[in-house]
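Survey of secondary and tertiary structure
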Amino acid sequence: MSDRCTLIVNPVSGGYSETAVRAAVDALRRGGLAPHLLLTGGPDDAAVFAARLCAQEEHPFVIAAGGDGTVNGVLNGLEPGRATLGYIPFGTANVLGRELGLRSAGDAVARIVRRETRPLATGLLEGFGVRRRFFLMAGIGFDGQVVEGVRSDEKKRFGAGAYLLSALRTFAAWDRRPLEVEADGVAIPCHGAVICNAARYGGPFVLAPGASLFQDGFRVVLIRNPSRWRYLFLALRVVAGRGAGGGVSVLSARRVTVGGNKPVQVDGDFICHSPVTVTAEADFARLVV
Ligand SMILES: Nc1ncnc2c1ncn2[C@@H]1O[C@H](COP(=O)(O)OP(=O)(O)OP(=O)(O)O)[C@@H](O)[C@H]1O
């Protein structure tokens, strides 16, 4: 692997500071790397920059410096099987950092310098006119509706509290419609689904023990009971670290099709409405661990 690497930095991610980026760049240089810095100017830039790097280099070494949204953007610009991906957690929830057990940005940089990697498995979501890669999860139903319903003015004023307000609205106008899910050819009636490529969800909370970024395939969490109170109970159990509990099925699958017409979020961004198909992709990139 060459010593050249490109840092794609999101200057609006929650933990960004010029000082922290400068410290990371200095530490990378001291570690013998030659970092080149690109700052995103808008939501689409991470993917555009990553795609450009893939057009220029056969095996680019790309470092996403931001939160999970920045990592998702970078992944959506890369070509399968060619890039090495590093991550410096400058985001808010930093779920990837938690999955990797990163202690700090400094720890992340030390690991990038060490350059130990493992093959990263991802998921590919396809719907009408939509094709989007994810590394954490795709949520269809309740959480898709919460993310779709977040209002930008509330997000500016209340930050993460805007998600709570959207959840309350979703609760008030409860959608009881069932969801048709087929996991590896087996039809399972349910009300909502979270297709997990990683164990954690929304921060430190473990929703799908056994799901792994390095494993080809998903753990699919199916909420079978349509009651809104069942969702509240599930959220409280997961936050308390007690697992999903009753009314929920968890199974392994590589290909999941979801019917109906329900909102879909991937890695925390609203994408589209179902129907969608989600496919596991092994060895999408080498991830620095
Ligand atoms: N220059 C920019 N201006 C506005 N938005 C941007 C810019 N660059 C990136 N974005 C968007 O900012 C969003 C949030 O970034 P990111 O997820 O990295 O940080 P975060 O929300 O603080 O962290 P986390 O997702 O870990 O909680 C991304 O979805 C990305 O599309």
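So, here's what we can say about the structure.

Conventions used here
Here the residue numbering is sequential within each chain, running from 1 through the sequence in written order. Two thresholds apply to this predicted model, a pLDDT of at least 70 for residue-level local features and 80 or more for giving and counting side-chain atom pairs, whereas whole-chain, interface and lining totals are computed over all residues. Values reported for side chains reflect all heavy atoms of the structure, with hydrogen atoms and water molecules removed beforehand. Secondary structure elements are taken from DSSP: a helix is a run of H or I of four residues or more, a strand is a run of E of two residues or more, and numbering for both begins at the N terminus. The span you would expect from a helix comes to 1.5 Å times its residue count less one. Burial classes follow relative accessibility: with a 1.4 Å probe on protein chains only, a residue under 20% of its type's maximum area counts as buried, one over 50% as exposed, and anything between as partly exposed. The reported arc concerns the directions from the helix axis to the C-beta atoms and nothing else. Any two residues having at least one pair of non-hydrogen atoms within 4.5 Å are treated as being in contact. Stacked, edge-to-face and tilted labels apply to pairs of Phe, Tyr and Trp rings (six-membered ring for Trp) whose centres lie within 6.5 Å, assigned for plane angles under 30 degrees, over 60, and everything in between, in that order. Strands are treated as partners if at least two bridges between them are detected by DSSP. Angular values range over 0 to 180 degrees, each being the angle between N-to-C directions of two axes fitted as lines to C-alpha atoms, with helices fitted over their stretch in contact. We call a residue near a molecule or strand when any one of its heavy atoms sits within 4 Å of it. Here a polar contact is recorded for every N or O atom pair within 3.5 Å, except that within protein the pair must consist of a potential hydrogen donor and a potential acceptor, and residues adjacent in sequence are included only if both atoms are side-chain atoms. Only the protein chains shown count as cover for residues, and all accessible areas are computed by the Shrake-Rupley method using a 1.4 Å probe. Like charges within 9 Å and nonpolar side chains (Val, Leu, Ile, Met, Phe, Trp, Tyr) within 5 Å are joined into patches, using only residues over 30% in relative accessible area that form no salt bridge. For this document, the term salt bridge refers to a Lys or Arg side-chain nitrogen within 4 Å of an Asp or Glu carboxyl oxygen.

1. Examining the environment of A83
If you trace the backbone, A83 turns up in the loop between α3 (68-75) and β4 (84-89). Along the sequence, A83 and V264 sit 181 residues apart, while their C-alpha atoms lie 28 Å from each other.

2. Notes on helix α2 (residues 45-56)
Along its 12 residues, α2 runs 16 Å from first to last C-alpha, staying within 8% of the 16 Å computed at 1.5 Å per residue. Taken together, the buried positions of α2 are occupied by A46, F49, A50, L53 and C54. Seen end-on, α2 carries its buried residues on one side only, within an arc spanning 140°. Residues of α2 that are exposed and point more than 90 degrees away from the buried face comprise A55 and Q56. On its buried face, α2 is in contact with β1 (4-9), β2 (34-39), β3 (61-66) and α3.

3. Observations concerning helix α5 (residues 105-114)
Taken together, the buried positions of α5 are occupied by D107, A108, V109, R111 and I112. Close packing links the buried residues of α5 with α1 (18-30), β3, β4, α4 (95-100) and β18 (276-288). At the C-terminal side of α5, R115 shows a positive phi close to 60°.

4. Points about the packing of aromatic side chains
Overall, the coordinates contain 7 aromatic pairs when judged by the stated rule. When the centroid spacing of 5.8 Å and the interplanar angle of 45° are considered together, the rings of F142 and W174 count as tilted. Residue F142 is located in helix α6 (residues 142-148), and its partner W174 is located in the loop between α8 (161-172) and β8 (179-183); the two are separated by 32 residues in the primary sequence. Assessed through its relative accessible area of 12%, W174 is described here as buried. For the ring pair W174 and Y231, a centre distance of 5.2 Å and an interplane angle of 70° mean the geometry is edge-to-face. Within this pair, whereas W174 is found in the loop between α8 and β8, its partner Y231 is found in helix α9 (residues 228-239), the two being separated by 57 residues in sequence.

5. So, the sheet that holds strand β16 (residues 263-266)
One open sheet accounts for 6 strands, arranged β14-β13-β10-β7-β16-β17; its pairing is antiparallel. Of all the strands in the sheet, the pair left with one neighbour each is β14 (248-253) and β17 (269-273). The average undirected angle you get between the axes of adjacent strands in this sheet is 20°. Here 4 bridges tie β16 to β17, and the two strands are oriented antiparallel to one another. By the bridge assignment, V266 is partnered in β17 with D269. Here α9 sits on the sheet in contact with β10 (192-196), β13 (218-223) and β14, set at roughly 140° to β13.

6. Some details on the site of the ligand
Among the 18 residues in the neighbourhood of the ligand, the closest are listed as G14, T40, G67, T70 and T92. Within the side chain of N10, an N or O atom sits 2.9 Å from an oxygen atom of the ligand. A distance of 3.5 Å is found between an oxygen atom of the ligand and a backbone nitrogen or oxygen belonging to P43. Relative to its free-state accessible area of 640 Å², the ligand is covered by the protein chains to the extent of 74%.

7. Here's the deal with a nonpolar patch on the surface
A surface patch of nonpolar side chains, amounting to about 340 Å² of accessible area, comprises W229, L232 and L236. Taking relative accessible area as the criterion, W229 reaches 56% and is therefore assigned exposed.

8. Brief notes about the pattern of salt bridges
As a working rule, side chains carrying opposite charge can pair if their charged atoms are close by. One pass over the full model with this rule turns up 14 salt bridges. In this structure, D3 engages R115 in a salt bridge whose closest nitrogen and oxygen atoms are separated by 2.9 Å. Separated by 112 residues along the polypeptide, D3 in the segment before β1 and R115 in the loop between α5 and β5 (117-127) bring together distant segments of the chain. Residue classification places D3 among the partly exposed residues on the basis of a relative accessible area of 40%. Put simply, D107 and R111 hold a salt bridge, and the shortest N to O gap is 3.2 Å. On the criterion of helical spacing, the pair formed by D107 and R111 is a turn pair, its members being 4 residues apart in helix α5. A relative accessible area of 10% places D107 in the buried class. When salt bridges that share partners are traced, they join R103, D107 and R111 into one network.

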